[in-house]
Amino acid sequence: MMYDWYFGGMHWIWWILWLILLFWIFLIPYPTPGQNRRKDKAMEALRERYARGEISDEEFEQKRKVLQDRKK
């Protein structure tokens, strides 16, 4: 009889651990490694070109919108 209670308690602990793991994997948004780096580098390069005066305000806004649309 006593062993039934012990294993029953462990059973609930394992269910809780599995639920926490599934929650962490599927419900917590996190970036895919390496995915955002490329996009951030593109935005950085665009900002640098704008700061150096190589592109106009209109060009900057157009290209920024394109990069943001690709992120979605």
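Note that the coordinates shown come from a computational prediction; the quantities given were computed from them, not determined experimentally. (Residues numbered from 1 in each chain as written. Predicted model: local features only at pLDDT ≥ 70, side-chain atom pairs only at ≥ 80, totals over all residues. Heavy atoms only, no water.)

S.K.: Account for the pattern of salt bridges, naming residues and giving values.
M.R.: As enumerated under the stated definition, the model contains three salt bridges in all. Of the charged contacts in the structure, one is a salt bridge between Glu-61 and Arg-64, with a shortest N-O distance of 2.5 Å. In this pair, Glu-61 and Arg-64 both sit in helix H3 (residues 57–71), three residues apart, roughly one turn of the helix. Looking at Glu-61, the relative accessible area reads 33%, which means it is partly exposed. Residues joined in a network through salt bridges with shared partners are Arg-49, Arg-52 and Glu-54. (Salt bridge = Lys/Arg side-chain N within 4 Å of Asp/Glu carboxyl O. Helix = DSSP H or I, 4+ residues; strand = E, 2+ residues; numbered from the N terminus. Buried < 20%, exposed > 50% of the residue type's maximum accessible area, 1.4 Å probe, protein only.)

S.K.: So, the environment of Ile-55: which residues are in play, and what are the values?
M.R.: For Ile-55, the position within the fold is in the loop between helix H2 (35–52) and H3. The class of Ile-55 is buried, set by a relative accessible area of 6%. When neighbours within four sequence positions are excluded, Ile-55 is seen to be in contact with Leu-46, Arg-49, Tyr-50 and Phe-60. (Contact = heavy atoms within 4.5 Å.)

S.K.: Describe the nonpolar core, listing the residues and the values that go with them.
M.R.: In globular proteins that are soluble, nonpolar side chains generally tend to be buried together. Core analysis: the biggest nonpolar cluster contains five residues, these being Met-43, Leu-46, Ile-55, Phe-60 and Leu-67. Broken down by secondary-structure element, the contributors of at least two residues to this core are H2 and H3. Not counting the four nearest positions on each side in its chain, Leu-67 is found in contact with Ala-42, Met-43 and Leu-46. (Core = buried A, V, L, I, M, F, W, Y, C linked by side-chain atoms within 4.5 Å.)

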